[in-house]
Amino acid sequence: MKNIIRNIKGTKDILSDQTDIWKYLENFIHNHFSKFGYKEIRTPNFENTNLFLKSIGDDTDIVTKEMYSWVDQGNNSLTLRPEFTASVVRAYIQHKLGKQTKSHKLYYIGSSYRRERPQKGRFREFQQFGLEAFGSKYPEQDAEIIYIIYSLYESLNIKNLVLKINSIGSKESRILYKEALQSYFKKYEKKLTDISLKRLKNNPLRILDTKVDFEKDLVIKAPKIIDYLNEEDKDHFNKVLTILEKLNIKYTIDHYLVRGLDYYSRTVFEIQTNSLGSQNALCGGGRYDYLVEQLGGDPTPSIGFAAGLERLILAMGIDTAALNKHPDIYIISLGDKAIEFSMKIANQLRIEKNLIVINDTLKRSLKSQMKDANRLQVKYALIIGDDEIKNKIFCLKNMETGNQEEIELNKILDLF
Ligand code: AMP
């Protein structure tokens with residue numbers, strides 16, 4: 001092919017034969033979240049870089065190597081959002097939403113950007129949807145959040161869901177745990193990768209997130225956070241699990257699930273499905289009781305999750321093109337007068353009957369227009385020529401059965 005300009009690696013065009021599934025899912029998500037009283041929030045696609053540096057954590061993969069950041073003409077350092085939580089928290093603080101109600105429940109859908117290595121289910125621009133619930137410190141809130149997303153997947157018939165859950169405790173519990181991890185990993189200091197060595201000093205929990213095989217073997221034998229939780233943290237975690245059981249949600253406790261971002265506390269979770277290959281995480285989230293305060297707001301216990309739309313579509317395993325809506329009527333117009341006439345009738349059918357009606361604008365022959373109607377898989381073709389206009393009788397062809405009937409103009413509208 002000629003040397004044409006192509007889209008950026010890791011981004012994608014969603015062509016018109018694919019957009020119906022996206023619209024269907026977006027509507028589904030809006031409806032599902034609304035049923036729980038969550039309201040949509042829309043924030044800008046880019047923010048001050050500082051927002052993400054302050055919230056996500058200095059030694060996370062996102063901040064160290066995946067952010068799309070640049071300095072604009074006004075010398076501001078800006079970044080395309082790599083996730084939504086930081087932006088939603090910023091808006092929550094900036095607009096003093098906490099002052100309006102004690103519990104603020106928000107959801108979002110939109111693009112996120114990370115410079116990761118593209119592969120199946122992993123893009124550099126991808127669509128995320130998620131929830132953020134501000135104000136409640138109680139385990140019931142954790143369970144609600146998990147129930148909302150779990151039931152969304154169930155309603156969409158996603159098979160083999162695995163909910164992994166853990167508690168990484170409050171700050172207090174983590175002090176002792178950090179020390180235990182440091183002394184454990186210190187024994188293997190010589191074997192650790194440079195990045196883990198750095199984390200060993202500042203944030204040893206992040207070593208548990210390692211992708212390196214021999215470090216993963218070390219992680220399996222590392223101390224477990226559950227043994228270091230204080231009573232309050234333990235009670236909180238157990239209550240979350242009990243409610244999940246009552247709601248019939250199966251879970252697996254994963255002692256080494258810490259999630260990639262620094263801002264989590266207490267409950268963390270991930271929902272996976274084994275139909276996705278290596279990128280098997282459908283969603284991830286957790287409590288972030290300190291983040292609002294960390295970004296300059298009042299202390300506000302909060303919890304949320306983010307989920308990927310591309311992976312949801314993959315997991316649904318459906319023929320996305322097959323979901324496309326076909327037009328109801330193709331008006332085959334023969335001659336200039338017929339086109340003008342058919343445009344009027346088409347509008348009437350659209351407005352009064354809410355139908356999808358196609359007009360040919362290429363002035364093609366009867367044969368070519370019929371071919372086009374077939375290609376579009378329309379339900380009916382209505383043939384209009386000069387004679388038909390004169391006699392006010394038209395030929396309506398049912399494209400599924402092949403049946404044709406002569407019909408008067410004023411009866412056409414009644415037919416639908
Ligand atoms: P994370 O904040 O990394 O836990 O992401 C939340 C969810 O967003 C994941 O569980 C995925 O479903 C989705 N996701 C994250 N990164 C990507 C990516 N690069 N491409 C596609 N989906 C992604």
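For the structure, see preceding data.
Now for a quick tour of the structure. (Residues numbered from 1 in each chain as written. Predicted model: local features only at pLDDT ≥ 70, side-chain atom pairs only at ≥ 80, totals over all residues. Heavy atoms only, no water.)

1. Looking at the overall build of the protein chain
Item 1. From N to C terminus, the protein chain includes 16 helices and 16 strands.
Item 2. Projecting the C-alpha coordinates of the protein chain onto the three principal axes gives extents of approximately 90 × 55 × 45 Å.
Item 3. Expressed as a percentage of contacts within the protein chain between residues at least 6 apart in sequence, the contacts between residues at least 24 apart total 70%.
Item 4. Within the structure as shown, the protein chain displays about 22100 Å² of accessible surface, and the carbon and sulfur contribution to it stands at 50%.
Item 5. Between the averaged position of the 63 positive side-chain charges in the protein chain and that of its 55 negative side-chain charges there is a distance of 3 Å. (Helix = DSSP H or I, 4+ residues; strand = E, 2+ residues; numbered from the N terminus. Contact = heavy atoms within 4.5 Å. Areas by Shrake-Rupley, 256 points an atom, 1.4 Å probe, with all protein chains shown as cover. Lys, Arg positive; Asp, Glu negative; His and termini not counted. Charge placed at Lys NZ, Arg CZ, Asp CG, Glu CD.)

2. Some words on the pairing of strand β11 (residues 302–308)
Item 1. For β11, a buried count of 6 out of 7 residues is recorded, marking the element as mostly surrounded by other parts of the structure.
Item 2. Where strand β6 (residues 125–134) and β11 come together, 7 bridges link them in antiparallel fashion. Following the sheet pairing, E132 is matched in β11 by G304.
Item 3. In this sheet, β11 lies alongside strand β10 (residues 281–287) in antiparallel orientation, the contact comprising 5 bridges. Note that in β11 the partner of G284 across the bridge is A306. (Buried < 20%, exposed > 50% of the residue type's maximum accessible area, 1.4 Å probe, protein only. Pairing = 2+ DSSP bridges.)

3. Overview of the packing of helix α1 (residues 19–35) against helix α12 (residues 309–316)
Item 1. The geometry of α1 relative to α12 is characterised by a closest axis approach of 11 Å and an angle of 110 degrees between their N-to-C directions. As summarised for this structure, α1 and α12 are arranged roughly perpendicular, according to the angle between their axes. For the pair formed by α1 and α12, the contact residues are I21, W22, L25 and I29 on the first element and L309, E310, L312, I313 and M316 on the second.
Item 2. Of the residues that constitute the contact of α1 with α12, the class distribution is 8 nonpolar, no polar and 1 charged. (Axes fitted to C-alpha atoms, helices over the stretch in contact; angles between N-to-C directions. Parallel < 35°, antiparallel > 145°, perpendicular 65-115°, else oblique. Nonpolar A, V, L, I, M, F, W, Y, C, P; charged D, E, K, R; others polar.)

4. So, the site of the ligand
Item 1. In the vicinity of the ligand there are 15 residues, among which R114, E116, F123, R259 and L282 approach most closely.
Item 2. Between the ligand and C283 there is a distance of 3.3 Å, counted from an oxygen atom to a backbone nitrogen or oxygen.
Item 3. When the ligand is considered free in solution it has 480 Å² of accessible area, and contact with the protein chains removes 91% of it. (Near = heavy atom within 4 Å. Polar contact = N/O pair within 3.5 Å; in protein donor to acceptor, adjacent residues only side chain to side chain.)

5. As for the sheet that holds β10
Each strand in a sheet pairs with another by means of backbone hydrogen bonds, the pair being arranged parallel or else antiparallel.
Item 1. Taken together, the 8 strands give an open sheet; going across it, the order is β1-β5-β6-β11-β10-β9-β7-β8, and neighbouring strands pair in mixed fashion. In the strand order of this sheet, the two ends are held by β1 (39–40) and β8 (252–253), each with one partner.
Item 2. Across 2 bridges, the pairing between strand β7 (residues 161–167) and β8 is parallel. Counted as the bridge partner of K164 is T252 from β8.
Item 3. With respect to the sheet, α1 is in contact with β1, β5 (104–113), β6 and β11, its orientation differing from that of β5 by roughly 160 degrees.
Item 4. The strands touched by α12 are β5, β6, β9 (265–273), β10 and β11; relative to β6, the strand with the most contacts, the crossing angle is about 105 degrees.

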